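Structural characterization, general
Below are the chains, spelled out letter by letter.
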Amino acid sequence: MKTALIVGSGLAGISVFCRLRSRGIKATIISYRSLGSSSSIATGMYNPIVFRRVAKSWMIDDLLPVLHEFYSELETTFGIYINQSIKFKRRIPNSDYEGMWNKHALKSDFQSFIDQAENGFGNVKRAGIIDCHKLVSTFEKHASENGFLLNESFGYNHLELGEIISYKGKTYDTVFFCEGPHAVENPYFNWLPFNVCKGEWIIIKTEKELDSAVINNVVNIIPLGERRYKLSSTCSWKELDWNSTSEAEKELCSAFKEVYDCNYEIVDRAAGLRPTVADRRPYLGEHPEHRGLYIFNGLGSKGVMLAPYFSQHLVDHMLDGKPLIPEVDIQRHAKRYWNRANDQSHD
Ligand SMILES: Cc1cc2nc3c(=O)[nH]c(=O)nc-3n(C[C@H](O)[C@H](O)[C@H](O)COP(=O)(O)OP(=O)(O)OC[C@H]3O[C@@H](n4cnc5c(N)ncnc54)[C@H](O)[C@@H]3O)c2cc1C
């Protein structure tokens with residue numbers, strides 16, 4: 001039986017683990033909880049529309065069916081409920097935007113995703129929320145109990161490469177690096193251009209009950225029950241750490257106040273890093289020089305939608321030799337960044 005080692009148990013690592021297992025490959029995961037996991041704090045929304053330009057999200061017609069199948073299998077395996085469909089409305093800020101929205105709503109390929117704007121809001125269909133925190137914690141508990149997951153930091157200096165790959169005395173056919181925003185520390189793949197972005201959310205408790213739909217006013221206002229609402233999320237390239245900031249709180253609260261006139265108190269908050277890349281396409285593929293070392297990363301702000309489809313794409317590529325689509329293949333950056341990094345190391 002073939003064996004694989006996976007580094008990271010976020011959406012990327014979990015999805016690769018499931019794809020490998022379903023192809024009969026014995027996979028072990030090393031993931032260190034204390035490092036911080038983007039997936040554990042992700043709001044988990046999937047949204048078929050890019051609001052800024054009222055466009056369909058990249059590859060949405062391919063991604064959505066795989067998303068539902070993948071999370072539904074996990075729900076069955078673990079006996080949990082994680083995929084919630086939502087009522088979702090985009091606030092229409094002005095008449096120009098309303099014109100653009102309504103023009104798209106008339107197009108046949110948009111009709112299963114948006115309706116004509118009404119009373120200052122545009123209705124978005126087929127959106128939902130994956131409870132990522134529940135998914136990661138349930139998976140990690142199950143995997144630890146069954147001996148597939150080691151909660152420890154991966155030591156890159158213990159990895160031995162060659163005909164056979166070994167890590168701390170154990171041999172593997174392949175290693176998948178799924179470290180999310182921590183990939184910048186990976187000596188084998190840190191030549192890839194990452195553009196890590198910080199995200200924050202807060203939870204507020206309001207004095208009165210608000211709309212039961214999720215409202216997007218750049219920030220999403222998500223009803224959680226008992227007059228609690230999650231305001232999610234910000235995007236910043238400053239202070240790239242896992243600490244909450246007063247700037248983000250201000251930004252989230254001001255987006256809320258544009259929609260609702262109502263008193264509230266902040267009851268919870270979180271901050272984390274997204275594994276964002278400049279061209280907004282995930283990173284998939286084998287290391288240009290070291291056979292058997294793969295990366296699955298760059299899920300950015302869309303891990304929920306991208307992980308199910310592209311984990312399958314990567315494993316099909318590795319096992320069956322199916323070509324990767326060029327937009328996600330790390331080869332797109334090899335010429336510019338790998339060669340240069342390699343040249344410099346020989347200077
Ligand atoms: C505030 C916020 C809100 C978000 N909301 C959404 C949303 O609504 N919808 C959406 O689709 N996406 C959202 N995202 C983005 C989403 O979280 C990411 O796309 C996704 O979680 C990335 O998954 P990943 O597995 O690549 O990385 P991670 O989830 O970060 O997983 C990487 C794992 O690798 C482990 N690791 C790293 N290095 C090592 C090492 N050396 N040794 C051992 N373990 C290691 C880490 O501990 C971690 O567990 C949000 C992100 C943030 C920050």
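It should be noted that the structure appears before, not after, this text.
Residues numbered from 1 in each chain as written. Predicted model: local features only at pLDDT ≥ 70, side-chain atom pairs only at ≥ 80, totals over all residues. Heavy atoms only, no water.

What to know about the sheet that holds strand β14 (residues 174-177)
Stated precisely, the cut-off is as follows: In short, DSSP must find at least two bridges between two strands for them to pair. By the criteria applied, helices consist of DSSP H or I runs no shorter than four residues and strands consist of E runs no shorter than two, each listed in order from the N terminus. By the convention used here, residues are in contact when the closest approach between their heavy atoms is within 4.5 Å. For helices, the fitted line uses only the C-alpha atoms of the stretch in contact; every axis is such a line through C-alpha atoms, and the angle between N-to-C directions lies from 0 to 180 degrees.
The mixed open sheet is built from six strands, whose spatial order is β10-β2-β1-β14-β21-β20. Two strands bound the open sheet, and with one partner strand each, they are β10 (149-150) and β20 (283-286). Two strands pair when backbone bridges link them, and β20 and strand β21 (residues 293-297) are joined in this way by four bridges, in the antiparallel orientation. Bridge pairing links Leu284 to Phe296 in β21. Most of the contacts of helix α7 (residues 303-320) go to β21, to which it runs at about 165°, and overall it touches β14, β20 and β21.

Structural notes on the packing of aromatic side chains
Rules: When two rings of Phe, Tyr or Trp (its six-membered ring) have centres within 6.5 Å they constitute a pair, described as stacked for plane angles under 30 degrees, edge-to-face for angles over 60, and tilted for the intermediate range. Classification of residues uses two cut-offs on accessible area relative to the type maximum, computed with a 1.4 Å probe and protein chains only: under 20% is buried, over 50% is exposed, and between them is partly exposed. The rule for a charge over a ring is simple: NZ of Lys or CZ of Arg within 6 Å of the ring centre, and within 35 degrees of the ring normal.
Counted under the stated rule, the structure contains 20 aromatic pairs. Taken together, a centroid distance of 6.1 Å and an interplanar angle of 35° make the contact between Tyr156 and Phe177 tilted. Linking Tyr156 in the loop between β10 and β11 (159-160) with Phe177 in strand β14, this pair joins segments that are 21 residues apart in sequence. Accessibility classification places Tyr156 together with Phe177 in one group, the buried group. Grouping aromatic residues by their ring pairs yields a cluster made of Phe154, Tyr156, Tyr167, Phe177, Tyr188 and Phe189. Directly above the aromatic system of Phe148 lies the positively charged group of Arg21, at a separation of 4.0 Å from the ring centroid. Here the guanidinium or amino end of Lys230 rests over the ring plane of Trp201, the centre of that ring lying 4.1 Å away.

So, to be careful, I would describe these as geometric facts and stop short of saying anything about function.
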